[in-house]
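Fold and geometry: a report
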Amino acid sequence: MAACINVAAAVVAALYTEVATQRYIFALYSGPFVALAAFLALSRGKILHYMLLPLAVFSFLFIPSFDSFKKPLHSYPKDLACLDEIFQKHSVETGYSGYWPAKYISFLGKEKVQLNQIFPWGGPYRWLTSERWYENARTKKGRHDVILMDQLQKELIIEKIKVDPDAVVRCGPYEAWLYAIQKRPALLKLIE
């Protein structure tokens with residue numbers, strides 16, 4: 001029965017959730033196996049016999065990820081340093097990018113630019129982000145806004161905002177399109 005539940009959950013997850021989301025519901029399709037092992041262990045008094053394999057498997061899967069949190073950031077990544085220099089030079093406080101660059105740059109960048117995560121075609125990507133985050137995009141006071149075009153579909157973004165960037169700068173894998181503050185109303189279409 002547990003196997004059937006796991007297969008059904010995996011199929012539902014594959015059909016109705018994004019790849020990035022599936023990892024958050026891992027327990028949904030692995031939990032029944034663990035629960036079954038725990039039940040068998042407790043009911044038969046052989047805890048080590050039934051719990052050793054699931055414990056070993058989960059330890060093997062998760063220990064490397066926990067270890068990565070312990071490693072300090074020894075060097076400041078060159079792509080972040082480059083972007084921070086551009087953000088400081090152009091007084092950028094807010095912008096837009098795909099999901100992962102938004103998280104990476106907003107939280108690790110020294111300039112603390114608030115990048116709003118958007119879908120590749122525009123529109124707010126409301127995953128692990130509060131509505132207040134998007135509201136702040138309307139009130140920031142910087143002289144420029146930025147769109148990081150990697151992970152975005154340039155043609156669709158241009159079609160949506162209908163304004164050209166004032167400058168385009170490349171920093172490592174990132175292509176930063178800078179817009180003067182007067183163009184902010186057009187950029188706000190990306191989060192409507």
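Right above here is the structure, for reference.
Scope of this entry: the structure provided in the associated data block. (Residues numbered from 1 in each chain as written. Predicted model: local features only at pLDDT ≥ 70, side-chain atom pairs only at ≥ 80, totals over all residues. Heavy atoms only, no water.)

Overview of the sheet that holds strand 4 (residues 167-171)
- One open sheet accounts for five strands, arranged 2-1-3-5-4; its pairing is mixed. Pairing within the sheet leaves two strands with one partner each, and these edge strands are strand 2 (114-117) and strand 4. If you compare each strand with its neighbour and ignore which way they point, the axes differ by 25° on average.
- Here strand 1 (residues 92-97) runs beside strand 2; their pairing, made up of four bridges, is parallel. Looking at strand 2, one finds that Tyr96 is bridged to Asn116. (Pairing = 2+ DSSP bridges. Helix = DSSP H or I, 4+ residues; strand = E, 2+ residues; numbered from the N terminus. Axes fitted to C-alpha atoms, helices over the stretch in contact; angles between N-to-C directions.)

Looking at unusual backbone geometry
- With a phi angle near 55°, Ser91 is a residue other than glycine that sits in the positive phi range.
- Its place among the elements puts Ser91 in the loop between helix 5 (78-89) and strand 1.
- Backbone geometry at Gln151 places phi at a positive 70°, although glycine is not the residue there.
- With respect to the secondary-structure elements, Gln151 resides in the loop between strand 3 (144-148) and helix 8 (154-161).
- Note on Gln151: relative accessible area 45%, which makes it partly exposed. (Buried < 20%, exposed > 50% of the residue type's maximum accessible area, 1.4 Å probe, protein only.)

What to know about the pattern of salt bridges
- Scanning all chains against the criterion turns up four salt bridges.
- Residue Asp145 pairs with Arg184 through a salt bridge whose shortest N-O separation is 2.9 Å. Remark: Arg184 occurs in helix 9 (residues 184-187) and Asp145 occurs in strand 3; sequence separation between them is 39 residues.
- Here Arg184 falls in the buried class, since its relative accessible area comes to 7%.
- Glu175 is the salt-bridge partner of Arg170, the closest N and O atoms lying 3.0 Å from each other.
- The exposure class assigned to Glu175 is buried, which follows from its relative accessible area of 13%. (Salt bridge = Lys/Arg side-chain N within 4 Å of Asp/Glu carboxyl O.)

A short note on the side chain of Ser97
- Inspection of the secondary structure assignment puts Ser97 in strand 1.
- Given the relative accessible area of 0%, Ser97 is considered buried.
- Within the local environment of Ser97, its side chain forms a polar contact with the backbone nitrogen of Ala102, the two atoms lying 3.1 Å apart.
- For Ser97, the residues in contact, after removing those within four places along its chain, are Ala102, Leu115, Asn116, Gln117, Ile118, Leu148 and Leu152. (Polar contact = N/O pair within 3.5 Å; in protein donor to acceptor, adjacent residues only side chain to side chain. Contact = heavy atoms within 4.5 Å.)

Quick notes on the environment of Leu128
- Position of Leu128 relative to the elements: it lies in the loop between strand 2 and helix 7 (131-136).
- It is 9.9 Å that separates the C-alpha atoms of Leu128 and Lys103, two residues lying 25 residues apart in sequence.

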